[in-house]
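Summary of structural features
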Amino acid sequence: MKLYVCDTAYRYELEKLCRLFFPFEKIQVIPGEPAPETEGEDRAAALRRVSGNIAELTAAVSICGKTASRRDSLDVSRPDYADECERVLAVLLYECLCQLTGLRPRWGILTGVRPAKLMRRLIDGMGEENASAYFRDKLLVSEEKIRLCREVGVSEDAITGLSRPDSFSLYIAIPFCPSRCSYCSFVSHSVEKAGKLIPDYVELLQREIALTGRLAREAGLRLETVYFGGGTPTTLSAEQLEAVMGAVAENFDLSCLREYTVEAGRPDTITGEKLEAIRAGGATRISINPQTMEDTVLAAVGRRHTAAQTEEAFRLARSIGFSNINMDLIAGLPSDGLAGFQRTVERILTLSPESVTIHTLSMKRASRLSMGGLLPEQEAGEAAAAMVEWGEARLRQAGILPYYMYRQSKTVGNLENVGYAKKGYEGLYNVYIMDETHTILACGASGVTKLRDPGSSHIERIFNFKYPYEYISRFEEMAARKDRVKTFYEEYRPVDRRQPH
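Here the structure is a predicted model, which means the values were calculated and not measured.

Turning our attention to the layout of surface pockets. Considering only enclosed or pocket space, the second largest pocket measures out at about 790 Å³ in volume. Listing elements by their share of the lining of the second largest pocket, those giving two or more residues are α1 (11–21), α2 (81–101), α3 (115–126) and α4 (128–138).

Here it is in structure tokens:
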């Protein structure tokens, strides 16, 4: 598809809007007005013509020989003209795309990752009623998503309010898995192909943890949460987990820690020995992630475990003393349906986890599913939406309530990922990372350190090398980048660390 835009400043949002309807189609963005139409060519245009004080705004879309167009006008003298011009063009383009595709995404023209954060900001500026009206009337968001944003916003406010100017969180990346799931686009490597890298990786990871701990002490930072993610951290042996968690305990002050999470992840990697090591290392929260409790679906997506193994791993964790366990599910997996998803949720609830995260399948170009084109987008979106809506209602009924949310590109049905928790068991790190509340210091391959200015919303990023072999072969080069932590905090040191954030 070709997308013609009147101003390249608007291309990013307008291109993302088109991708809501055509997630896997190449979209060529062309500045200026379209050339004469070529027969059979799919195209979209969002154009502006200014005459005096009035901007005439037009959107037109042609798909498979069918066309739609919308028009509006705007006073160029209004102070918010540039932003409003972009919003109105997006609305016009959205309405054309809805007409021709028969789809009407529940998030309207909103394409951002953090809708609840936007809602919170609008409520602070204009009040809850006006903020909700803006979402509904200006962004075309559905009522159920508006309610979800408001509720999540209240929970996120309570959690972000715990953070101080000197607060930070620590992320440890373990980018290895026992096998690669067909839907996965994360930087993770199967042990079958990359297992020989693990010993060197663990050794260098400990070095980076020590370096990062020293920088955190020099900057006078206070550690709030620790999160081991992946990949699958329990791909490591019990001894390797003990070594890495020992490095964290040795190099960071854990006395103010509010939460320590380890993604135990795949049930087929969980053993009593590993769980004992994780508990002894200081973890207070773990995640056991079945994604589905339907064995046929697990097999279809390349998960080499059964639902029974999930239950066994969960009960083992309970017996070892873990009292805060999260479970991740995915709505919209291929060969799954509403009935299967309902069975999954009911089976999960019999285990009584403290929190459940419902992700919507995100079809990335890097995953085998999207490259194979196995799912028609419209049918998949409708099926996933039914799963998400039923799951939310059932978890609420069980007293497990939404507390954080984020969105991803190319999500089936343009839906969202939502964390649900029993009261008092919300995952703090999840909120801090998505809200960008405070600095996140990251260690390991693909880790991204996010330095937040304690006095503003300014964020600076330091990127680790993406792949384990790069991390190992270029470790010294990567480690040198971390010196920026020290100079950053020398430049942005808060006036009074005692004041709450």
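Additional details are given in the paragraphs that follow.
Right, let's get into the packing of aromatic side chains. Across all of its chains, the model carries 14 aromatic pairs by this definition. Ring centres 6.2 Å apart and planes at 40° place the aromatic pair F168 and F252 in the tilted group. You can see F168 sitting in strand β6 (residues 167–174) and its partner F252 sitting in the loop between α8 (238–251) and β10 (259–265), a full 84 residues away along the chain. We classify F168 as buried; its relative accessible area is 1%. By relative accessible area, which is 7% here, F252 ends up buried. Note on F228 and Y260: the rings are 6.1 Å apart at their centroids and 20° apart in plane angle, and the pair reads as stacked. Of this pair, F228 sits in strand β9 (residues 222–230) while Y260 is found in strand β10, placing the two residues 32 residues apart along the sequence. Following the ring pairs from residue to residue traces out a cluster consisting of F176, Y201, Y471 and F475.

Judged by pairing direction, the sheet is mixed, and its five strands sit side by side in the order β2-β1-β3-β4-β5 without closing on themselves. Each edge of the open sheet carries a strand with a single partner, namely β2 (28–31) and β5 (66–75). Across the sheet, the axes of successive neighbouring strands diverge by a mean angle of 15°, strand direction being ignored. Each of β1 (2–5), β2 and β3 (43–51) touches α1; the most contacted strand, β1, lies at about 145° to it.

Here we come to unusual backbone geometry. The linkage connecting G230 with the following residue, G231, adopts the cis geometry, with an omega of 5°. Counting through the fold element by element, G231 comes out in the loop between β9 and α8. Located in the positive-phi region is L140, a residue other than glycine, with phi close to 65°. Summarising the element assignment, L140 is placed in the loop between α4 and α5 (143–160).

The next thing to look at is empty space enclosed by the protein. Regions of empty space are outlined by a rolling probe, equal in size to a water molecule, passed over the atoms. Taken as a whole and judged by the stated rule, the model has three cavities of 30 Å³ or more. The computed volume of the largest cavity comes to approximately 60 Å³. In terms of lining residues, the largest cavity is bounded by twelve residues, among which P165, T437, H438, R452 and P454 are the most central. In terms of residue class, the lining of the largest cavity is made up of three nonpolar, six polar and three charged.

Counting residues in each nonpolar core, the largest one holds 147 residues, and the members touching the most others are L93, F135, L170, I172 and F228. Ranked by the residues each element gives to this core, the list is headed by α2, at twelve residues.

A separate point is the side chain of E354. For E354, the location among the structural elements is in the loop between α12 (338–351) and β13 (355–360). Residue E354 is classed as buried on the basis of its relative accessible area, which comes to 7%. At 2.9 Å, the side chain of E354 forms a polar contact with the side chain of R318. When near neighbours in sequence (up to four residues on either side) are disregarded, E354 contacts R318, S323, N324, I325, A421, K422 and Y425.

This part covers the confidence of the model for the chain. Do not read the fine detail of predicted coordinates wherever pLDDT is low. Averaged over every residue, the pLDDT of the chain is 90; residues scoring 70 or more account for 91%. Here residues 366–375 is a poorly scored stretch, pLDDT under 50, and it has 24 contacts once near neighbours within four places are set aside; other chains count. Between residues 495–501, whose pLDDT stays under 50, and residues either more than four places distant or in other chains, the model counts 16 contacts.

Further remarks concern the pairing of β6. When you tally the buried positions in β6, you get eight out of eight residues, the bulk of the element. Pairing between β6 and β9: eight bridges, direction parallel. Each residue of the ladder has a partner; that of L170, found in β9, is V226. In terms of strand pairing, β6 meets strand β16 (residues 439–443) through five bridges, oriented parallel. Across the sheet, the residue bridging to Y171 is A442, located in β16.

Moving on, we get to the environment of E33. Position of E33 among the secondary structure elements: in the loop between β2 and β3. Sequence separation between E33 and V297 is 264 residues; the distance between their C-alpha atoms is 47 Å. E33 has contacts with Y4, L47 and R49, leaving out every residue within four places of it along the chain. For E33, the side chain forms a polar contact with the side chain of R49, separated by 2.9 Å.

Conventions used here
- Residues numbered from 1 in each chain as written.
- Predicted model: local features only at pLDDT ≥ 70, side-chain atom pairs only at ≥ 80, totals over all residues.
- Heavy atoms only, no water.
- 1 Å grid on protein atoms, 1.4 Å probe; cavity = no way out; pocket = protein on both sides within 12 Å on 5 of 7 lines; lining within 4 Å.
- Points joined across faces, edges and corners; volume = space filled by probe spheres on them.
- Helix = DSSP H or I, 4+ residues; strand = E, 2+ residues; numbered from the N terminus.
- Phe/Tyr/Trp six-rings, centres within 6.5 Å; stacked < 30°, edge-to-face > 60°.
- Buried < 20%, exposed > 50% of the residue type's maximum accessible area, 1.4 Å probe, protein only.
- Pairing = 2+ DSSP bridges.
- Axes fitted to C-alpha atoms, helices over the stretch in contact; angles between N-to-C directions.
- Contact = heavy atoms within 4.5 Å.
- Nonpolar A, V, L, I, M, F, W, Y, C, P; charged D, E, K, R; others polar.
- Core = buried A, V, L, I, M, F, W, Y, C linked by side-chain atoms within 4.5 Å.
- Polar contact = N/O pair within 3.5 Å; in protein donor to acceptor, adjacent residues only side chain to side chain.
- pLDDT = per-residue confidence, 0-100.

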